[in-house]
Amino acid sequence: MEYRELEADILQLIIGASEHSVRVFGEETVTRLVRPELLQHAAEDELTQDAWAALTTARKNVLTISAAELSGQLATIDDGILADGDLDGGILTIVNALAHWKDYLEERRRGELYELAIRSIEDG
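Residues numbered from 1 in each chain as written. Predicted model: local features only at pLDDT ≥ 70, side-chain atom pairs only at ≥ 80, totals over all residues. Heavy atoms only, no water.

**Here's the deal with the packing of helix H4 (residues 67-79) against helix H5 (residues 89-107)**
So, point 1. Relative orientation of the contacting elements H4 and H5 amounts to 150°, with a least axis distance of 9 Å. Classified by the angle between their axes, H4 and H5 sit roughly antiparallel to one another. For the pair H4 and H5, the crossing hand works out as left-handed. Touching Ala67, Leu70, Ser71, Leu74 and Ile77 of H4 are Val95, Leu98, Ala99, Trp101, Lys102, Leu105 and Glu106, all from H5.
So, point 2. A class-by-class count of the residues in the contact of H4 with H5 yields nine nonpolar, one polar and two charged. (Axes fitted to C-alpha atoms, helices over the stretch in contact; angles between N-to-C directions. Helix = DSSP H or I, 4+ residues; strand = E, 2+ residues; numbered from the N terminus. Parallel < 35°, antiparallel > 145°, perpendicular 65-115°, else oblique. Left-handed = near helix turned anticlockwise from the far one by under 90°. Contact = heavy atoms within 4.5 Å. Nonpolar A, V, L, I, M, F, W, Y, C, P; charged D, E, K, R; others polar.)

Encoded structure:
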């Protein structure tokens with residue numbers, strides 16, 4: 001199967017799924033994308049202490065945090081990035097996953113779950 005076919009199949013599955021099924025899929029996918037192992041190579045000086053705390057809080061509470069709370073945590077993370085254009089890949093994966101999850105929680109746009117699924121596949 002070619003990558004484009006895989007993308008199309010994932011999109012069709014997400015579009016055709018029930019609300020409950022798509023929510024469960026999203027929860028499983030975002031949980032996979034915010035796992036602590038992704039931070040094993042991140043340097044402490046890439047984020048401020050407040051940003052690390054926000055990242056930890058958002059990651060650990062991803063399934064229970066509200067969209068508004070997650071938005072605040074993401075703003076704190078963004079404000080606390082110290083790395084100059086070369087942020088650790090694990091941090092980027094987690095922050096991007098949290099941003100897509102926040103957007104899904106706010107608007108229930110299934111396209112956000114598609115983006116999570118693609119990132120999960122790319123993360124391998």
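**Digging into the nonpolar core**
So, point 1. Grouped together as the largest cluster of nonpolar side chains are 34 residues, with contacts concentrated most on Leu55, Leu98 and Trp101.
So, point 2. Put simply, the parts of the chain that give this core at least two residues each are helix H1 (3-16), helix H2 (19-33), helix H3 (49-60), H4, H5 and helix H6 (110-123).
So, point 3. No other element matches the seven residues that H5 contributes to this core.
So, point 4. Setting aside chain neighbours within four positions, we find Leu98 in contact with Val34, Leu55, Ala58, Val62, Leu70 and Leu74. (Core = buried A, V, L, I, M, F, W, Y, C linked by side-chain atoms within 4.5 Å. Buried < 20%, exposed > 50% of the residue type's maximum accessible area, 1.4 Å probe, protein only.)

**Observations regarding the side chain of Lys102**
So, point 1. On the secondary structure map, Lys102 appears in helix H5.
So, point 2. Setting aside chain neighbours within four positions, we find Lys102 in contact with Ala67, Leu70, Ser71 and Leu74.

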